[in-house]
Amino acid sequence: KRPFNSVLVKNPSKYLSQLSLDVQSKEQEEGREIADFCTEVEPLIEVSNRKYHLKTYEKCFVGSEAVSKILEAKVVSSREEAVSKMTELVEAGLVYHVLEEHHFKDGPLFYKFSSPKELKKSIDAIANIHLSLSGDCAKYMALITRYHHLTCNLNITSILNDFYGCEDDSGWDISDLDNWRNNMKRWGFGRRTDQDDSMVDRLSPLLLNVDPDTWDVSGDPEWESPFGILAQIAIFDQVSRSAFRGTPDAFKWDELAKRATKVAIKKGYFESAYKSSLNRFVILLPLEHSESWEDQKLGVSLLLGMLSEIAVLDEGLSDYEIVKRLEFSKRLSVAFLEHAQVIAKFRRYPHRNRALGRTTSLEERIWLASDLVPRWAKSQNPQGEEGKKVIKGPTIPLKRLTRR
């Protein structure tokens, strides 16, 4: 079993205060070193979905392969040292066997890195278990430090580099066609299967340390800069929906994203701060996702005004580029107007009712069962086994019934 995850405490200071300063310092330093080693070797180890006896284990690695990679990178000097170090990670709860049946072995066993959710669950689980003076404090410190590594790097550069799939700020605001080609699929604007899940996996842990009720960057010159606004919308509006699909957390940070949009509009960023029309469109996404009709009206008016300028732009462009510009403009406008139609009719998004625990009206039920439901309204269905529990009735061909 996972050796330490079952004996954690919520507030270490209550117990660390019982130790001498020397012991605290020694134990804390040991824990930090364990967490630092985990963060150092994680990028070296190939994590992927793997099969064994017809069962797929997601996002795991092979013990012997991990040892080889660590040794090749010269992080350790021998396989024995690598095994010892990886064993420390398992004992601290930072790594675990996929079936929670083995300690670390230099063999063909599958292991996973504990996710921020798993770390947080472990940290919060045992609030009243006493820490011993020998090694538990070090293990607890390892968990705290590792959790900090994964969740506390909320900065504009790391968010936008991941969001745009680039290495520096030169890729944040590229020309329209390149931006559309490179990013619309990655962000899940097309088929969900085209979405860059690795980008979501890297960015979603950052959300776990953001309390939407207390997080406030009002007046911060970096977060309220043009690219600071884009970073807020990227993580609070886009990443949240993909990472927590089918749950209330998909919409948990919507107000933060909407606030960022309104700051951008007030400061004039929407009109003049970005070269790419796709970035201007991203600024409007929180309005598209809002359940406020006033927000929808604002978003539609700004979008249509923008498209009236860019859709027919042809100076210096080839016929192909003009056609693609019109195609992308159509795609952007159709989805936005569909969202506005739903809010105008229901004053909320019926497809969110299940996740948010809201009662669905008869009119909403008819609409949800009809072929009027757009693709994006089906995107928040739960995934995996949970999704299979959703009862799907026959589709009512409402469009055909209403044609006269």
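Tallying secondary structure elements over the protein chain gives 19 helices and four strands in all. Within the protein chain, the fraction of its 404 residues that count as buried is 47%. Counting contacts in the protein chain only where the partners sit at least 6 residues apart, residues at least 24 apart contribute 69% of the total. Of the roughly 20900 Å² of accessible surface on the protein chain, a fraction of 51% belongs to carbon and sulfur atoms.

This part is about the nonpolar core. I159, I229, F236, F281 and I283 are the most contacted members of the largest nonpolar core, which totals 55 residues. In terms of residues, this core owes the most to one element, helix α10 (residues 226–243), which gives eight residues. Setting aside chain neighbours within four positions, we find I283 in contact with I229, L230, I233, T261, A264, F270 and Y274. Grouped together as the second largest cluster of nonpolar side chains are 28 residues, F37, V41, I70 and V90 included.

So, about the sheet that holds strand β4 (residues 110–113). Ordered by their spatial adjacency, four strands build an open sheet running β1-β2-β4-β3, and the pairing between neighbours is antiparallel. Lying at the two open borders of the sheet, with one neighbouring strand each, are β1 (48–52) and β3 (95–97). Pairwise comparison of adjacent strand axes, ignoring direction, gives a mean angle of 50° for this sheet. The pairing of strand β2 (residues 55–62) with β4 spans two bridges and is classified as antiparallel.

Another point: the packing of helix α11 (residues 254–266) against helix α13 (residues 277–288). Packed helix pairs are characterised by how far apart their axes lie and by the angle those axes make with each other. It is the contact of α11 with α13, at a shortest axis distance of 8 Å, that shows an interaxial angle of 130°. Taken together, the axis directions place α11 and α13 in an arrangement best described as oblique. Here α11 and α13 pass one another in a crossing that is left-handed. Mapping the contact onto sequence places A257, K258, T261, K262, A264 and I265 in α11 and I283, P286 and L287 in α13. Here the contact of α11 with α13 is composed, by residue class, of six nonpolar, one polar and two charged.

Quick look at helix α6 (residues 136–151) now. Here α6 contains 16 residues, and its C-alpha end-to-end distance of 23 Å stays within 8% of the 22 Å for a straight helix at 1.5 Å per residue. Burial runs high along α6: twelve of the 16 residues are buried. When we look at burial in α6, the residues that qualify are D136, C137, A138, Y140, M141, A142, L143, T145, R146, Y147, L150 and T151.

Further remarks concern unusual backbone geometry. Phi is positive for E100, which is not a glycine, with a value near 55°. Classification of E100 by relative accessible area gives partly exposed; the value is 27%. In this model, R347 sits at a positive phi of 65°, which is unusual for a non-glycine residue.

So, about the packing of helix α7 (residues 156–164) against helix α9 (residues 197–207). One way to put it is that α7 packs onto α9 with a least axis distance of 9 Å and a crossing angle of 155°. Our classification of the angle between α7 and α9 gives roughly antiparallel. Here α7 runs over α9; the crossing is left-handed. Residues S158, I159, D162 and F163 of α7 touch α9, and the partners they reach there are M199, R202, L203 and L206. Here the contact of α7 with α9 is built from residues that sort into five nonpolar, one polar and two charged.

Bringing helix α14 (residues 293–310) into the picture now. With 18 residues, α14 extends 26 Å between its outermost C-alpha atoms, agreeing within 8% with the 26 Å of an ideal straight helix rising 1.5 Å per residue. Inspection of α14 places D295, Q296, G299, V300, L302, L303, M306, L307 and I310 among the buried residues, and these make up the whole buried set. Buried residues belonging to α14 abut α11, α12 (269–272), α13 and α15 (319–346).

Another aspect to go through is the side chain of N279. Within the secondary structure, N279 sits in helix α13. Here the side chain of N279 touches Y164 through a polar contact of 2.7 Å, side chain to side chain. Within polar-contact distance, the side chain of N279 engages the backbone oxygen of W172 at 2.9 Å.

Pairing of β3 with β4 involves three bridges; the strand directions are antiparallel. Within the sheet, the bridge partner assigned to Y96 lies in β4 and is K112.

Inspection of the secondary structure puts W215 in the loop between α9 and α10. C-alpha separation for the pair W215 and L256, spaced 41 residues apart in sequence, amounts to 8.2 Å. Residues contacting W215, with those up to four places away along its chain left out, are L154, V210, W223, Q232, F236 and L256.

This part takes up the packing of aromatic side chains. All told, the structure shown has 13 aromatic pairs when counted by the stated rule. Between Y349 and W376, the aromatic rings sit 5.9 Å apart at their centres with planes inclined by 85°, giving edge-to-face as the arrangement. Taken as a pair, Y349 in the loop between α15 and α16 (353–356) and W376 in the loop between α17 (362–368) and α18 (384–388) lie far apart in primary sequence, 27 residues in all. The buried category is assigned to W376, whose relative accessible area is 11%. For the cation-ring pair, K345 lies above F346, with the distance from its terminal atom to the ring centre recorded as 5.5 Å.

A few words now on the pairing of β2. Sheet topology places β1 next to β2; four bridges connect them, and they run antiparallel. For S48, the partnering residue across the bridge sits in β2 and is C60. If you look at the hairpin formed by β1 and β2, you'll find two residues sitting between the two strands, and H53 has a positive phi there, around 55°.

Cut-offs and rules
- Residues numbered from 1 in each chain as written.
- Predicted model: local features only at pLDDT ≥ 70, side-chain atom pairs only at ≥ 80, totals over all residues.
- Heavy atoms only, no water.
- Helix = DSSP H or I, 4+ residues; strand = E, 2+ residues; numbered from the N terminus.
- Buried < 20%, exposed > 50% of the residue type's maximum accessible area, 1.4 Å probe, protein only.
- Contact = heavy atoms within 4.5 Å.
- Areas by Shrake-Rupley, 256 points an atom, 1.4 Å probe, with all protein chains shown as cover.
- Core = buried A, V, L, I, M, F, W, Y, C linked by side-chain atoms within 4.5 Å.
- Pairing = 2+ DSSP bridges.
- Axes fitted to C-alpha atoms, helices over the stretch in contact; angles between N-to-C directions.
- Parallel < 35°, antiparallel > 145°, perpendicular 65-115°, else oblique.
- Left-handed = near helix turned anticlockwise from the far one by under 90°.
- Nonpolar A, V, L, I, M, F, W, Y, C, P; charged D, E, K, R; others polar.
- Expected span 1.5 Å × (residues − 1).
- Polar contact = N/O pair within 3.5 Å; in protein donor to acceptor, adjacent residues only side chain to side chain.
- Phe/Tyr/Trp six-rings, centres within 6.5 Å; stacked < 30°, edge-to-face > 60°.
- Lys NZ or Arg CZ within 6 Å of the ring centre and 35° of its normal.

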